[in-house]
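Listed below, chain by chain, are the residues.
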Amino acid sequence: MKVESVRGMRDILPEEVPLWQKLEEEIRSLFALYGYKEIRPPLVELAELFSRSVGEATDIVHKEMYVFPDKKGQMLALRPEATASVVRAYIEHGLYAKGDLAKLYYIGPMFRYEKPQKGRQRQFHQYGVEALGSLDPALDAEVIDLAWHLMERVGLSREGLFLRLNSIGCREDRPAYRAALRAHFSGRKEELCPDCQRRLQENPLRILDCKEPQCQGAIAAAPKSLDFLCEKCRAHFEELLAILEDLGLSYELDPRLVRGIDYYTRTVFELCSRELGAQDALLGGGRYDDLVELLGGPPTPGVGFAGGMERLVLVLSQHGLSQDEASELDLFVIPIGEEGKRRAVGILAQLRRRGISADLDYMGRSLRKAMSVAARRARYALLLGPDELSQNSATLKNLVTGVSSTAPLAEFLSNPRSFLGSTGT
Ligand code: AMP
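Treat the numbers as computed from the prediction; the structure is a model and nothing was measured. The numbering scheme is per chain: residues are counted from 1 as the chain's sequence reads. For this predicted model, a pLDDT threshold of at least 70 governs which residues receive local features, and a threshold of 80 or more governs which side-chain atom pairs are given and counted, while totals over whole chains, interfaces and linings are taken from all residues. Heavy atoms throughout the structure, all of them, feed into the side-chain values; hydrogens and water do not.

Undergrad: What is the right way to read helix 1 (residues 17–33) from this model?
TA: Owing to its 3.6 residues per turn, the α-helix aligns residues three or four sequence positions apart on the same side. Numbering of helices and strands starts at the N terminus; helices are DSSP runs of H or I of at least 4 residues and strands are runs of E of at least 2. Here, expected helix span is obtained from the residue count minus one, scaled by 1.5 Å. An ideal rise of 1.5 Å per residue puts 24 Å on 17 residues; helix 1 measures up with 24 Å between its terminal C-alpha atoms. To sort residues, take the accessible area from a 1.4 Å probe on protein chains only and compare it with the maximum for the residue type: under 20% means buried, over 50% means exposed, and anything in between is partly exposed. Along helix 1, the residues classified as buried are Leu 19, Trp 20, Leu 23, Glu 26, Ile 27, Leu 30 and Phe 31. The buried residues of helix 1 occupy an angular sector of 125 degrees when projected down its axis, which confines them to one face. Turned more than 90 degrees away from the buried face of helix 1 sit Glu 25 and Leu 33, all of them exposed. Between two residues, a contact is recorded if the distance between any of their heavy atoms is within 4.5 Å. Residues of helix 1 that are buried in the fold lie against strand 5 (102–111), strand 6 (123–132), helix 5 (137–153), strand 11 (302–308) and helix 11 (309–316). An arc is given here, and it is the one of the directions from the helix axis to the C-beta atoms.

Below is the structure:
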């Protein structure tokens, strides 16, 4: 039987990995520039963590979460997102006790049982930031600025992107807005898909996330959250808009943007690409001022975002950051004959201990074929034939210029860098 990978969970192959690594480096260094520190929560949590925070009525929990009992019958979940885990860790380890803003970031795999399609998988990877401890709209703006900055840093132009922005108010505003939505959708119940009929009872806000064509008419005419904001929430949002304008960051108000997660309050946003089609959100986030308290911590506001690595890779494979064209190795060792092969193994070990990236032809190729492999993979070839071995020397061929030179082996091995020209790969 041929065992294949699980649907929606794909291998990131060696030729793709350099782009992923480069992207991860850019993300880490930029997050550090804004004062965020990495946290690495486990991939498995109690299922309850997500049902309480993300919400029972959300698609993520209701339909997409991988839930399973452990050997003691405790219900566990593969994390579908990381904000809940970060907040759990924040509470569990008393990170709030330091009385300061906690700025945390993560990068890692998430799991959702969704219908796989371009830009949507069942195991996917997210990078994200969480800033816990301040209500200041300047912090919302900083998080949004960071999102824009990241896209610029990886080489995407502002023109190809747009920011969707909304405020969904605080928990005091929610009952009136929910009631207005329920009244609106109850009047158009027959138009709604079966899921939305259920959502109407459980949480009518979730209807606004629905992508079913039959629901779009009722959604387009739905009441807007901005009309239900209290004074404080309105002032918070206005301040945020003013700061974004100061920063020169453009946005499009989207009164129907609520994001498919229950813990959001006030600011919600998505940074989207004009080139991605249906799955256009590169990242999404917002405020979650009640989440820490909801999960058992002291009242602590928070704001953050999460972005999908796969979607960034998709747009970047068309533009921006591209794979390094440089050769992967400094040197490729080509032994000729048995004696050469035995010596090559020892020489290779010494070179690597001196920091030279090197490999050997293990396939017993002819000299011509081995040279063509070397030309593809390395900057230099080191030839060890009978002549070289009898004189304790080696021939070094620069695979870019084609120039060869022979040097005493001991001299070469004592300082290989000096023979290899400029810096290595
Ligand atoms: P969310 O956690 O749903 O707010 O999603 C945040 C970001 O993660 C989205 O904007 C996408 O870029 C990415 N994302 C979410 N779900 C998936 C998925 N199933 N496959 C790939 N990327 C995803």
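Undergrad: I'm lost on the site of the ligand in this one. Help?
TA: Looking at the ligand, there are 15 residues lining it, with Arg 112, Glu 114, Gln 121, Gln 126 and Arg 259 nearest. The term polar contact refers here to a pair of N or O atoms within 3.5 Å; inside protein, the definition further demands a hydrogen-donor-capable atom paired with an acceptor-capable atom, and it admits residues adjacent in sequence only when both atoms are side-chain atoms. Interatomic distance of 2.7 Å between a side-chain N/O atom of Arg 112 and an oxygen atom of the ligand. In this structure, Arg 259 approaches the ligand through a side-chain N or O atom, which is 2.3 Å from an oxygen atom. Note on areas: these come from Shrake-Rupley sampling with a 1.4 Å probe, and a residue is covered only by the protein chains present in the view. Contact with the protein chains hides 93% of the accessible area of the ligand, taken as 480 Å² for the molecule alone. Broken down by secondary-structure element, the contributors of at least two residues to the shell around the ligand are strand 6, strand 10 (281–287) and strand 11. Here the shell around the ligand is composed, by residue class, of five nonpolar, five polar and five charged. We call a residue near a given molecule or strand whenever any one of its heavy atoms falls within 4 Å of it. Just so you know the grouping, Ala, Val, Leu, Ile, Met, Phe, Trp, Tyr, Cys and Pro go in nonpolar, Asp, Glu, Lys and Arg go in charged, and all remaining residues, Gly too, go in polar.

Undergrad: What's the story with the sheet that holds strand 16 (residues 404–408) in this structure? I'm lost.
TA: Hydrogen bonds between backbone atoms are what pair the strands of a sheet, whose relative direction is either parallel or antiparallel. For two strands to count as paired, DSSP must find a minimum of two bridges between them. Pairing is mixed across the open sheet formed by five strands, whose spatial order is 13-12-14-15-16. For this open sheet the edge positions go to strand 13 (358–360) and strand 16, each flanked by a neighbour on one side alone. Mean inter-strand twist for the sheet, computed between neighbouring axes without regard to direction, equals 25 degrees. Here strand 15 (residues 393–398) runs beside strand 16; their pairing, made up of five bridges, is antiparallel. Each residue of the ladder has a partner; that of Ala 394, found in strand 16, is Ala 407. Where helix 13 (residues 367–377) meets the sheet, it contacts strand 12 (329–335), strand 13, strand 14 (378–384) and strand 15, and its direction lies at approximately 175 degrees from that of strand 12. Between the N-to-C directions of two axes lies an angle of 0 to 180 degrees, each axis being a line fitted to C-alpha atoms and, for a helix, fitted only over the stretch in contact.

Undergrad: Help me understand the pattern of salt bridges, please; the structure alone is not making it clear to me.
TA: Side-chain pairs of opposite charge can arise where the charged atoms are in close proximity. One side-chain nitrogen of Lys or Arg within 4 Å of one carboxyl oxygen of Asp or Glu is enough to make a salt bridge. Scanning the entire structure with this criterion turns up 35 salt bridges. Across the salt bridge formed by Glu 202 and Arg 198, the nearest N and O atoms sit 2.8 Å from each other. Placement of the pair is Glu 202 and Arg 198 together in helix 7 (residues 194–202), with a separation of four residues, close to one helical turn.

Undergrad: Sorry, what's going on with the layout of surface pockets here?
TA: A probe as big as a water molecule, rolled over the atoms, marks out the empty space that is left. Whether a set of points on the 1 Å grid over the protein atoms alone is a cavity depends on a 1.4 Å probe fitting there but being unable to get out, while an open set qualifies as a pocket with protein on both sides within 12 Å along at least five of seven lines; lining residues are those with an atom within 4 Å of a point. Grid points are joined across faces, edges and corners, and a volume is the space filled by probe spheres set on the points. Taken as a whole, the second largest pocket holds about 340 Å³ of empty space. Arg 174, Arg 178, Asp 262, Tyr 263 and Tyr 264 are, among the 19 residues lining the second largest pocket, the residues nearest its centre. The set of elements that each furnish at least two residues to the lining of the second largest pocket consists of helix 6 (174–186) and helix 10 (291–294). For the lining of the second largest pocket, the class distribution of residues is eight nonpolar, three polar and eight charged.

Undergrad: What is the right way to look at the packing of aromatic side chains in this model?
TA: For any pair of aromatic rings, the description consists of the separation of the ring centres together with the inter-plane angle of the planes. Here a pair means two rings of Phe, Tyr or Trp (six-membered ring of Trp) with centres within 6.5 Å. Their orientation is stacked below 30 degrees between planes, edge-to-face above 60, and tilted elsewhere. Per the stated rule, a full pass over the model turns up eleven aromatic pairs. Taking the centre distance of 5.8 Å and the plane angle of 75 degrees together, the rings of Tyr 263 and Tyr 288 count as edge-to-face. Linking Tyr 263 in the loop between strand 8 (252–253) and strand 9 (265–273) with Tyr 288 in the loop between strand 10 and helix 10, this pair joins segments that are 25 residues apart in sequence. When sorted by exposure, Tyr 263 lands in the same class as Tyr 288, which is buried. Linked through ring pairs, Phe 31, Tyr 36, Tyr 105, Tyr 127 and Phe 305 together constitute an aromatic cluster. Whether a charge lies above a ring is judged from NZ of Lys or CZ of Arg, which has to be within 6 Å of the ring centre and within 35 degrees of the ring normal. A cation over a ring is seen here: Arg 122 above Tyr 113, with NZ or CZ 3.8 Å from the ring centre. Lying over the aromatic face of Trp 148, Arg 158 brings its terminal NZ or CZ to 5.9 Å of the ring centre.

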